[in-house]
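# Examination of the molecular architecture
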Amino acid sequence: QSYLKKKIFYFFVESIHLKFASYLRATSELEAKTFKKLGFKNIITIPNSIKIPKLRSNFKINNKKRKRLLFLSRLHPKKGLSELLYSWQFLQKKYKNWELLICGYDEDNYKKELISIIKNLKLERVIIKDFVTGKNKDNLYKSSDLFILLSHSENFGLAIAEALSFCIPVITTTNTPWKKLIKNKCGWCIDLNIKNVVKTLGKAIELSSKKKRLMGIRGRKWMIRDFIDQSMGIKMHSVYKQILKKKSF
């Protein structure tokens, strides 16, 4: 996590490795641009793959009284959690049948600061849970109606892909490589400021369950089409073949 240590390691070790690499794999166009700015060439863009969960045909059809907005990522300032909490104070009174669930690994004791913000703003229906994996994580996705990740920077954002695979519409920022959420009609990609967050969250919450379900279905279809293991495997196999072909001459 140390910027200085990374800088020293990059200068003396990693830059040499990268310079002589056959290819550099970026997981998004955003990451590819970073590589180019550093002066590297032979860049390929192949996103991470995700495991698509099996879902029942009637998944997301429920009549539970309380709806859930889910944040699932590490607890860190760059994930936009303070902006999310400050936005929630403008929404909690109007949408009393919604709760905000924050779940993630506590990094550098940031959870303590979040609890302080919640207390000072007198926020209601905000739940903080520890990091979960496996079936527990799957159950969190299954119990949620909207997913939000307001990152200040993100090279991929696996949790966004996972949420989409569970048919959950997503709200994220233009600081992430997920602008195609808009094109695929399965979420919102906004500039990060509290006014935008409040406006977008209100719009998303007020969508009918049917419209949110249709958005979720479109998101899942997108993940199946472009992010499954087999698709990434074929692309990487092609890259390896090109490397071997070059080495043979």
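None of these values were measured; they are calculated from a predicted model. (Residues numbered from 1 in each chain as written. Predicted model: local features only at pLDDT ≥ 70, side-chain atom pairs only at ≥ 80, totals over all residues. Heavy atoms only, no water.)

## Brief notes about the packing of aromatic side chains
For the structure shown, the criterion picks out 8 aromatic pairs. Between Trp222 and Phe227, the ring centres sit 6.0 Å apart and the planes meet at 75°, which makes this aromatic pair edge-to-face. The residues Trp222 and Phe227 share a single accessibility class, namely buried. Aromatic ring contacts, followed pair by pair, group Phe156, Trp178, Trp222 and Phe227 into a single cluster. (Phe/Tyr/Trp six-rings, centres within 6.5 Å; stacked < 30°, edge-to-face > 60°. Buried < 20%, exposed > 50% of the residue type's maximum accessible area, 1.4 Å probe, protein only.)

## Some remarks on a positive patch on the surface
A cluster of basic residues, Lys33, Lys36, Lys37 and Lys179, forms a positive patch on the protein surface. Residue placement: Lys37 occurs in helix α2 (residues 29-37). (Patch = residues over 30% accessible without salt bridge, like charges linked within 9 Å, V, L, I, M, F, W, Y side chains within 5 Å. Areas by Shrake-Rupley, 256 points an atom, 1.4 Å probe, with all protein chains shown as cover. Salt bridge = Lys/Arg side-chain N within 4 Å of Asp/Glu carboxyl O. Lys, Arg positive; Asp, Glu negative; His and termini not counted. Charge placed at Lys NZ, Arg CZ, Asp CG, Glu CD. Helix = DSSP H or I, 4+ residues; strand = E, 2+ residues; numbered from the N terminus.)

## What to know about the nonpolar core
Within soluble globular proteins, side chains that are nonpolar tend to cluster in buried spots. Of all hydrophobic cores here, the largest spans 55 residues; its most connected members are Phe147 and Trp178. Excluding residues that lie within four positions of it along the chain, Phe147 makes contacts with Leu69, Leu70, Phe71, Leu72, Tyr141, Ala159, Ile160, Ala163, Ile168, Pro169, Val170 and Ile171. (Core = buried A, V, L, I, M, F, W, Y, C linked by side-chain atoms within 4.5 Å. Contact = heavy atoms within 4.5 Å.)

## Some thoughts on the side chain of Thr200
Considering the arrangement of structural elements, one finds Thr200 in helix α8 (residues 194-206). On the basis of relative accessibility, which here comes to 9%, the residue Thr200 falls in the buried class. For Thr200, the contacting residues outside a window of four places in its chain are Ile171, Trp188 and Ile190.

## Notes on the pairing of strand β7 (residues 170-173)
Going residue by residue along β7, you find Val170 and Thr172 tucked away on one face and Ile171 and Thr173 tucked away on the opposite face as well. Taking the sense of rotation as the criterion, the β-α-β connection linking strand β6 (residues 146-149), helix α6 (residues 158-165) and β7 turns out right-handed. Relative to strand β8 (residues 187-190), β7 is paired through 4 bridges, and the arrangement is parallel. Bridging across to β8, Thr173 finds its partner in Ile190. (Right-handed = clockwise from strand over helix to strand, strands pointing away. Pairing = 2+ DSSP bridges.)

## Quick notes on the packing of α6 against helix α9 (residues 209-226)
Two numbers describe how α6 lies on α9: the axes approach to 7 Å, and their chain directions differ by 115°. Between α6 and α9, the contacting residues are Ala161, Leu164 and Ser165 on the first element and Gly216, Gly219, Arg220, Trp222 and Met223 on the second. The residue inventory of the contact of α6 with α9, partitioned by class, reads 4 nonpolar, 3 polar and 1 charged. (Axes fitted to C-alpha atoms, helices over the stretch in contact; angles between N-to-C directions. Nonpolar A, V, L, I, M, F, W, Y, C, P; charged D, E, K, R; others polar.)

## Here we look at a nonpolar patch on the surface
Together, Leu4, Ile8, Phe11 and Phe12 line one region of the surface with nonpolar side chains, adding up to about 480 Å² of accessible area. Residue classification places Leu4 among the exposed positions, given a relative accessible area of 57%.

## Regarding unusual backbone geometry
At Lys122, a residue that is not glycine, the phi angle is positive and equals roughly 55°. The residue Lys122 is located in the loop between α4 (110-120) and β5 (126-129) in this model. The phi angle at Arg125 is positive, at roughly 55°, despite the residue not being glycine. With respect to the element layout, Arg125 can be found in the loop between α4 and β5. Residue classification places Arg125 among the buried residues on the basis of a relative accessible area of 17%.

## Here's the deal with the pattern of salt bridges
What the rule picks out here adds up to 10 salt bridges. As a salt-bridge pair, Glu206 and Lys94 come within 3.3 Å of each other at their nearest N and O atoms. With Glu206 in helix α8 and Lys94 in the loop between α3 (81-88) and β4 (98-103), this residue pair connects regions lying 112 residues apart in the sequence. Residue classification places Lys94 among the exposed positions, given a relative accessible area of 60%. Lys137 is the partner of Glu162 in a salt bridge, and the nearest nitrogen-oxygen pair spans 3.1 Å.

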